Amino acid sequence: MDQSLPAPHGVDAAHDVHRLAAEQHYPAQALYVVATPIGNRADITLRALHVLALADTVACEDTRHTAQLLRGYGLQRPLLAVHEHNEASAAHEVVQRLLSGQRVAYVSDAGTPGISDPGARLCAAVQAAGLRCIPVPGASSVTALLSVAGLGDGAVTVAGFLPPKGQARAQALQRWLALPTAVLLLEAPHRIERLADELRPLGARRVTVGRELTKQFEEIATLPCAELGAWLLDRPERLRGEFALVLHGPVTVGGHAGPELDAEARRVLALLLQELPAARAARLAAAITGAPRDALYAAAHTPAPPA
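The paragraphs below set out a description of the structure included in this document.

Reading the values: rules and limits
- Residues numbered from 1 in each chain as written.
- Predicted model: local features only at pLDDT ≥ 70, side-chain atom pairs only at ≥ 80, totals over all residues.
- Heavy atoms only, no water.
- Helix = DSSP H or I, 4+ residues; strand = E, 2+ residues; numbered from the N terminus.
- Buried < 20%, exposed > 50% of the residue type's maximum accessible area, 1.4 Å probe, protein only.
- Contact = heavy atoms within 4.5 Å.
- Areas by Shrake-Rupley, 256 points an atom, 1.4 Å probe, with all protein chains shown as cover.
- Pairing = 2+ DSSP bridges.
- Axes fitted to C-alpha atoms, helices over the stretch in contact; angles between N-to-C directions.
- Polar contact = N/O pair within 3.5 Å; in protein donor to acceptor, adjacent residues only side chain to side chain.

1. Here's the deal with the overall build of the protein chain
Helix and strand counts for the protein chain stand at 12 helices and 12 strands. Within the span of the protein chain, comprising 307 residues, buried residues form 41% of the whole. When contacts within the protein chain are restricted to residue pairs at least 6 apart in sequence, those whose partners lie at least 24 apart make up 67%. Carbon and sulfur atoms make up 54% of the accessible area of the protein chain, which amounts to about 16400 Å² in all.

Written as structure tokens, this is what we have:
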């Protein structure tokens, strides 16, 4: 089946990009923070193409990657490496170029710079020098996953990447999980199974996982935290690729975060937990007492309130 579509009537990106983007002023002596695609190269914006073509220098996380990206759009610009290992020193060079009258665009390897990517210290240095940082918005795994997670009006905390290991990781995860909001996490493929194990005790609390967003083998699923590990292992390819996850807000019963159960429901649950895994114990306790299964599952992993 041919899935190709005709170009929108009256808009030819190759000819109209300058006309469409030039409606805004692009001052010199400004850093343009430009979002680039996170997978599908068609997700570049017309304004991003205009700014990249206009820039005197393109500062970037990886010069080889960015050179290839620009060639794909028919562009070739002077490049300057600005990444997590040299961001502080390279920021000084960017400021000097801006003071000389240049326009500098900054791109990370994919997505929106400064959001779990290098760029924040660069922007801080530019602003400290009294110069402008101008956002050129576009693709982001954060906004892409949030747009389909179905959170409604709930608040979201963007945690990004956890520390890779040790006590720092455990403490960070504990801090984020204690919040009453949804939490957005990013994770590398070689740590995704570990994250699934760390989220398993949350039981019925829902998580939306996005794998390889915007790419050919993109997958998005919403499921209980207890089932995330099994979902990953169901297909070998699911352990590959980049991950974004939205941990939905805590289970709410009666308008309050966390389980709110009467003494009888807790007594039945405690008895069942002596013999059964949490999921089965919660299911049976719900059938016996009529209490909400999600709240029972959450209570199985939550200390009982003091008498």
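From this point, the discussion proceeds with the structure in view.
2. Focus: the sheet that holds strand β5 (residues 132-136)
Within the open sheet, the five strands sit side by side as β3-β2-β4-β1-β5. Their pairing is parallel. Only two strands of the sheet have a single partner each, and these edge strands are β3 (79-81) and β5. Each strand of the sheet is rotated relative to its neighbour by a mean of 25°, with strand direction disregarded. Where strand β1 (residues 30-34) lies against β5, five bridges are found, and the strand directions are parallel. Each bridged residue has a counterpart across the sheet, and for V33 the counterpart in β5 is P135. In this fold helix α2 (residues 46-54) packs onto β1, β2 (57-60), β4 (103-107) and β5, with an angle of close to 140° to the strand it touches most, β5. Strands β1, β2, β3 and β4 of the sheet are contacted by helix α4 (residues 87-99), whose axis makes an angle of about 150° with β3.

3. Looking at unusual backbone geometry
Phi at Q29 takes a positive value of approximately 55°, unusual for a residue other than glycine. Mapping Q29 onto the fold places it in the loop between α1 (13-21) and β1. Residue classification places Q29 among the partly exposed residues on the basis of a relative accessible area of 34%. At E212, a residue that is not glycine, the phi angle is positive and equals roughly 55°. You can see E212 is positioned in the loop between β8 (206-211) and β9 (219-224). Judged by relative accessible area, E212 falls into the buried class, the value being 18%.

4. Comments concerning the side chain of S108
Tracing the backbone through its elements, the reader meets S108 in the loop between β4 and α5 (120-128). With relative accessibility at 1%, the residue S108 sits in the buried group. One polar contact links the side chain of S108 to the main-chain carbonyl oxygen of A110, over a distance of 3.2 Å. Within polar-contact distance, the side chain of S108 engages the side chain of D117 at 3.2 Å. Not counting residues within four places of it along the chain, the set of residues in contact with S108 comprises T36, E61, P113 and D117.

Just geometry here; none of it tells us what the structure is for.
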